Amino acid sequence: MEKQKRWHSWLIAGVTLLTVYNILPTILFYSNPLSHKIDAKRSIGIQNTICERVNHLEKDSLLWIESFNDLIGVKAKSIEIKEPFSDTIEVTFLQSQDAKKFKQLLPKAGALIPFFPAQLNLGVDCVDPLKVEVQRKIKVHFDQKISQEVFRFVEKYDENQTLTQDYQNLVLDRAYQVGHCLGGNSEAFVLAQISTMASQDARSEEPLLNFAQTLLDYKAAFGEKSATFKKFIASITQGEGVDKSVLPNALMQVLSDTKERIQKERLSLSKEDDELQEETQIDPAVKEKIQQLQSKEDKIRDALYLVKNRIRDFSQGSSPMSYEFIDSQFAKSGLLAFKKHHPLIKDLTIDQEKEMLVLSLHDDVASAYEEANTGKKELI
């Protein structure tokens, strides 16, 4: 057996030390308990870190635009934050052709930035053809005054180890936000309202298709005759200032009009496709477009059928929960019961010990989930 040389030992020791050096920060980080108390002094450090990271995104955006310009082959005279608007970057070019190219390519590239708060898009159009405004997601720059207004430290326990009033108010505020989100204007109402308010606008097709898909998902998950599906239909008229007799008819009209428009476009493309086939020129893009239109048409048609069949259930929609109502419910019973205000969620409770807001499902929804197969569970 070959005798181990002296330099082998030094190599092993060096690799070991290097490994320990690299993983030591991770070990130290995870050695701190996650439930370790944050005091006022530590909260200031966290506050400063947040402010620094947010402010640093401004510099990152400027550097990203500079790098993007190099990539697409344009030259900028200046790239700077447009004071006092910290969410707007003004890029000044030497040639109008460079500004035009930049405006054409930025939206897609800016949307591909992985970190959402750092994403960029075009701002308002500039009169000067050499200038382009770029919009950032974050509209604030933290200085000491603003940071003191935005952040506030609250002690959880007082000297008697009881919950402080400030902390209880903070938790209740979070509960109010969740309760209002679930029991206020329903998602179905918002989608239906957007679709019917701009029925002639092509942009209304997306929310209408989202509404139709949600409606069909509820039917597939719970069945058309279930109480959950009935609650969902009723939630369509759960909105501020809604006319429960007008919205259903307007929704049926926009569904019908959209179905006819899609059908007309599909038939026109099908005719073109038949003519191309006779000339032995098959266009895959046309066939794919026809399939997409057929899928949309089927979805809209099925949703229209369901709306027509359950027209009476629209009148059962509840009024949206107000903050005053939510406050009275918590003060009375310590929980918020949604009842008909949400088709899936039964109530919201506050678990102070575990520091959690707990949402419970309606009994029939919980039973349906337990009895469902894997595919239906994912749908629910």
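The structure under discussion appears in the preceding block.
Remember, it's a predicted structure, so these values are computed and weren't measured experimentally. (Residues numbered from 1 in each chain as written. Predicted model: local features only at pLDDT ≥ 70, side-chain atom pairs only at ≥ 80, totals over all residues. Heavy atoms only, no water.)

1. Remarks on the packing of aromatic side chains
Alright, step 1. Counted according to the given criterion, the structure contains seven aromatic pairs.
Alright, step 2. What links up through ring pairs into an aromatic cluster is the set Trp-64, Phe-68, Phe-93 and Phe-102. (Phe/Tyr/Trp six-rings, centres within 6.5 Å; stacked < 30°, edge-to-face > 60°.)

2. Examining the sheet that holds strand E4 (residues 131-136)
Strands belonging to one sheet form pairs held by backbone hydrogen bonds; the direction of such a pair is parallel or antiparallel.
Alright, step 1. Across the sheet, four strands lie side by side as E1-E2-E4-E3; this open sheet has antiparallel pairing. Lying at the two open borders of the sheet, with one neighbouring strand each, are strand E1 (76-81) and strand E3 (120-122). Here the strands of the sheet are splayed against their neighbours by 25° on average, with no regard to which way each runs.
Alright, step 2. Inspection of the sheet shows E3 paired to E4 by three bridges, in the antiparallel sense. Looking at E4, one finds that Leu-120 is bridged to Arg-136.
Alright, step 3. Running at roughly 165° to E1, helix H2 (residues 40-72) makes contact with E1, strand E2 (88-93), E3 and E4 of the sheet. (Pairing = 2+ DSSP bridges. Helix = DSSP H or I, 4+ residues; strand = E, 2+ residues; numbered from the N terminus. Axes fitted to C-alpha atoms, helices over the stretch in contact; angles between N-to-C directions. Contact = heavy atoms within 4.5 Å.)

3. Here we look at a nonpolar patch on the surface
Alright, step 1. On the surface, Val-20, Ile-23, Leu-24, Ile-27 and Leu-28 cluster together into a nonpolar patch covering about 420 Å² of accessible area.
Alright, step 2. Structurally, Leu-24 can be placed in helix H1 (residues 6-31).
Alright, step 3. The partly exposed category is assigned to Leu-24, whose relative accessible area is 38%. (Patch = residues over 30% accessible without salt bridge, like charges linked within 9 Å, V, L, I, M, F, W, Y side chains within 5 Å. Areas by Shrake-Rupley, 256 points an atom, 1.4 Å probe, with all protein chains shown as cover. Salt bridge = Lys/Arg side-chain N within 4 Å of Asp/Glu carboxyl O. Buried < 20%, exposed > 50% of the residue type's maximum accessible area, 1.4 Å probe, protein only.)

4. Regarding the nonpolar core
Alright, step 1. By size, the foremost hydrophobic cluster in this structure holds 40 residues, and its most contacted members are Leu-215, Ile-236, Leu-251, Leu-255 and Val-307.
Alright, step 2. Those elements that provide at least two residues to this core are helix H5 (165-183), helix H6 (187-197), helix H7 (205-222), helix H8 (227-235), helix H9 (247-278), helix H10 (284-309), helix H11 (323-333) and strand E6 (345-351).
Alright, step 3. The leading source of residues in this core is H7, at nine residues.
Alright, step 4. When neighbours within four sequence positions are excluded, Val-307 is seen to be in contact with Phe-211, Leu-215, Leu-251, Met-252, Leu-255 and Phe-314.
Alright, step 5. Of all hydrophobic cores here, the second largest spans 22 residues; its members include Ile-72, Phe-102, Val-134 and Phe-142. (Core = buried A, V, L, I, M, F, W, Y, C linked by side-chain atoms within 4.5 Å.)

5. Concerning the sheet that holds strand E7 (residues 356-361)
Alright, step 1. Spatial ordering of the open sheet is given by E5-E6-E7, a layout of three strands whose pairing is antiparallel. In this open sheet, the two strands that pair with only one neighbour each are strand E5 (335-337) and E7. Neighbour to neighbour, the strand axes of the sheet diverge by 15° on average, direction disregarded.
Alright, step 2. Alignment of E5 against E6, held across three bridges, turns out to be antiparallel. Of the residues in E6, the one forming a bridge with Leu-335 is Thr-349.
Alright, step 3. This element, H5, spans E5, E6 and E7 of the sheet and lies at about 170° to E6.

6. Looking at the environment of Tyr-167
Alright, step 1. Note on placement: Tyr-167 falls in helix H5.
Alright, step 2. Tyr-167 has contacts with Val-154, Glu-155, Lys-156, Gln-352 and Glu-355, leaving out every residue within four places of it along the chain.

7. Quick word on unusual backbone geometry
Alright, step 1. Cis rather than trans, the peptide bond between Glu-83 and Pro-84 has omega equal to 0°.
Alright, step 2. Relative to the elements of secondary structure, Pro-84 occurs in the loop between E1 and E2.
Alright, step 3. Phi at Glu-355 is positive, roughly 55°, even though this residue is not glycine.
Alright, step 4. Secondary-structure assignment places Glu-355 in the loop between E6 and E7.
Alright, step 5. Given the relative accessible area of 53%, Glu-355 is considered exposed.

8. Things to note about the pairing of E7
The side chains of a regular strand alternate between the sheet's two faces.
Alright, step 1. Looking at chain direction, E6 and E7 are connected through six bridges and run antiparallel. If you follow Ile-350 over to E7, its bridge partner there is Leu-357.
Alright, step 2. Here E6 hands over to E7 after four residues, with Glu-355 in that stretch at a positive phi of 55°.

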